[in-house]
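A look at the structure
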Amino acid sequence: MIKHLKDSNEFKEIVKSGRILVDFYADWCGPCQMLAPILEEVDFIDVLKINVDEHQELAAKFGVMSIPTLVLMENGEEVKRDLGFKNLDQIKKMVE
């Protein structure tokens, strides 16, 4: 399931328990646009999309310097991070 972050205040609530893949992206980013349909195919983990233009403070908190940035969160803590376009197999390996 893909969820789009609307309010930065809900971030902690969303990631506090379980595993979730966070996608830091921007609408104008070419690799982000290429990644979007692949994330639609992800059915093995929930995905939270965070637009860095709308949530600059959250992107800064996570030190996001390039997009797309995928962050695997587990019980509110970052456990893995990967940058750039990834195919479905690479995403599966990341979250294993």
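Anything mentioned here points back to the structure above.
Residues numbered from 1 in each chain as written. Predicted model: local features only at pLDDT ≥ 70, side-chain atom pairs only at ≥ 80, totals over all residues. Heavy atoms only, no water.

**A short note on the sheet that holds strand 2 (residues 19-25)**
To be explicit about the condition: At least two bridges found by DSSP between two strands is the condition for calling them paired. Working definition: helices are DSSP H or I runs of at least four residues, strands are E runs of at least two. Numbering for both runs from the N terminus. As a rule, the C-alpha atoms of each element are fitted with a line to give its axis, helices using only the stretch in contact, and angles between N-to-C directions run from 0 to 180 degrees. The contact rule is simple, with two residues in contact once any of their heavy atoms fall within 4.5 Å.
Pairing is mixed in the open sheet, where five strands are placed in the order 1-3-2-4-5. Looking at which strands have only one partner, the edges of the open sheet turn out to be strand 1 (2-4) and strand 5 (77-83). Put simply, the sheet's adjacent strands are angled 25° from each other on average, direction ignored. Pairing of strand 4 (residues 69-74) with strand 5, which is carried by six bridges, proceeds in the antiparallel orientation. Bridged to Leu 70 within strand 5 is Asp 82. Strands in contact with helix 2 (residues 30-41) are strand 1, strand 2, strand 3 (46-51) and strand 4; relative to strand 2, the strand with the most contacts, it is inclined by about 155°. Those strands touched by helix 4 (residues 88-95) are strand 2, strand 4 and strand 5, and its axis lies near 30° from that of strand 4.

**Regarding the nonpolar core**
The condition that has to hold: In this text, buried Ala, Val, Leu, Ile, Met, Phe, Trp, Tyr and Cys residues form a nonpolar core when linked through side-chain atoms within 4.5 Å. To sort residues, take the accessible area from a 1.4 Å probe on protein chains only and compare it with the maximum for the residue type: under 20% means buried, over 50% means exposed, and anything in between is partly exposed.
Core analysis: the largest hydrophobic core is formed by 20 residues, its most contacted members being Phe 11, Val 22 and Phe 24. Looking at this core, the elements with two or more residues in it are helix 1 (11-15), strand 2, strand 3, helix 3 (56-61) and strand 4. In terms of residues, this core owes the most to one element, strand 2, which gives four residues. Not counting residues up to four positions away in its chain, the partners in contact with Val 22 are Phe 11, Val 15, Leu 48, Ile 50, Thr 69, Leu 70, Val 71 and Met 73. One finds Leu 21, Val 42, Val 47 and Ile 91 within the second-largest nonpolar core, a separate group that totals twelve residues.

**Let's talk about the side chain of Thr 69**
Counted only if it meets this: Counting of polar contacts relies on pairs of N or O atoms within 3.5 Å, with two restrictions inside protein: one atom must be capable of donating a hydrogen and the other of accepting it, and residues adjacent in sequence are counted only when both atoms are side-chain atoms.
On the secondary structure map, Thr 69 appears in strand 4. A polar atom in the side chain of Thr 69 sits 2.4 Å from the backbone oxygen of Ser 66. The residues touching Thr 69, leaving out its near neighbours within four places in the chain, are Val 22, Asp 23, Phe 24, Val 64, Arg 81, Asp 82 and Leu 83.

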